[in-house]
Amino acid sequence: YEVYLNIVEMGAFIYSAREASRFYFDKEPSRLTTKEAIFLASIIPKPKHFRSSFNPDGSLKIENNEIIFENAERLQAKGLLTDEQAAAVRPEIELKGEALKMITVPEVKSDSVQMASDIYQEE
């Protein structure tokens, strides 16, 4: 399992749990919260689709909340989380690493659009 976690793709050109932990949360794997670890496990089947899991502000889309809860319930059923720990899992994931830069849409100022429009009209 350790070997697998050191080679698994967890994003575009992100290979290993350590790289993923840094990419998504800007922290070492040992410092991940339960919900962050559950999120990383949930992206393994579709690692290149992480951008579609988040809103432009970096918050987890509502339709992805269920995955977090389902995985917490599975961990609880296997005895890896206590009832209290599973109940405390919330789907609020806060991206802090490079992943946030990849999903955040820069704000376009109206004067920039006007300036570009002016340039094209001069040609």
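Before any of the text, the structure's been laid out above.
Not measured: the values here are computed from a predicted model.

Cut-off values and rules
- Residues numbered from 1 in each chain as written.
- Predicted model: local features only at pLDDT ≥ 70, side-chain atom pairs only at ≥ 80, totals over all residues.
- Heavy atoms only, no water.
- Helix = DSSP H or I, 4+ residues; strand = E, 2+ residues; numbered from the N terminus.
- Buried < 20%, exposed > 50% of the residue type's maximum accessible area, 1.4 Å probe, protein only.
- Contact = heavy atoms within 4.5 Å.
- Areas by Shrake-Rupley, 256 points an atom, 1.4 Å probe, with all protein chains shown as cover.
- Expected span 1.5 Å × (residues − 1).
- Arc of directions from axis to C-beta.
- Axes fitted to C-alpha atoms, helices over the stretch in contact; angles between N-to-C directions.
- Parallel < 35°, antiparallel > 145°, perpendicular 65-115°, else oblique.
- Left-handed = near helix turned anticlockwise from the far one by under 90°.
- Nonpolar A, V, L, I, M, F, W, Y, C, P; charged D, E, K, R; others polar.

**Let's talk about the overall build of the chain**
For step 1, the next point in the chain: Counting its regular elements, the chain contains 7 helices and 0 strands.
For step 2, the next point in the chain: Listing each helix as α and each strand as β along the chain from the N terminus yields α-α-α-α-α-α-α.
For step 3, the next point in the chain: Relative to its 123 residues, the chain shows a buried fraction of 29%.
For step 4, the next point in the chain: A fraction of 51% describes how many contacts in the chain between residues 6 or more apart in sequence connect residues 24 or more apart.
For step 5, the next point in the chain: Summing over all exposed atoms, the chain offers an accessible surface of approximately 8,600 Å²; the carbon and sulfur share of this is 54%.

**Points about helix α4 (residues 65–77)**
Three or four residues apart is the spacing at which side chains of an α-helix point the same way, because the helix has 3.6 residues per turn.
For step 1, the next point in the chain: The end-to-end C-alpha separation of α4 is 19 Å, in line with the 18 Å expected for 13 residues at 1.5 Å each.
For step 2, the next point in the chain: Listing the buried residues of α4 in full gives Asn65, Ile68, Asn71 and Ala72. Along the axis of α4, the buried positions cluster into a sector of 135°, meaning they face one direction only. For α4, the exposed residues set more than 90 degrees away from the buried face come down to Glu66, Glu73 and Ala77.
For step 3, the next point in the chain: The inward-facing, buried residues of α4 contact α3 (34–43) and α5 (83–88).
For step 4, the next point in the chain: Just downstream of α4 lies Gly79, where phi reads positive at about 80°.

**Describing the packing of helix α2 (residues 17–25) against α3**
For step 1, the next point in the chain: The interhelical angle for the contact between α2 and α3, taken along N-to-C directions, is 115°, at an axis separation of 11 Å. What the angle tells us is that α2 and α3 run roughly perpendicular. Remark: the crossing between α2 and α3 carries right-handed chirality. Contact with α2, carried on its side by Ala20, Ser21, Tyr24 and Phe25, involves Glu36, Phe39, Leu40 and Ile43 of α3 and no other residues of that element.
For step 2, the next point in the chain: Across the contact of α2 with α3, the residue classes tally to 6 nonpolar, 1 polar and 1 charged.

**Thoughts on the packing of α3 against α4**
For step 1, the next point in the chain: Here α3 crosses α4 at 105°, and the two axes come no closer than 9 Å. By the angle class used here, α3 and α4 are roughly perpendicular. Between α3, through Lys35, Ile38, Phe39 and Ser42, and α4, the contact on the second element is made entirely by Ile67, Ile68, Asn71, Ala72 and Leu75.
For step 2, the next point in the chain: Counted by class, the contact of α3 with α4 contains 6 nonpolar, 2 polar and 1 charged residues.

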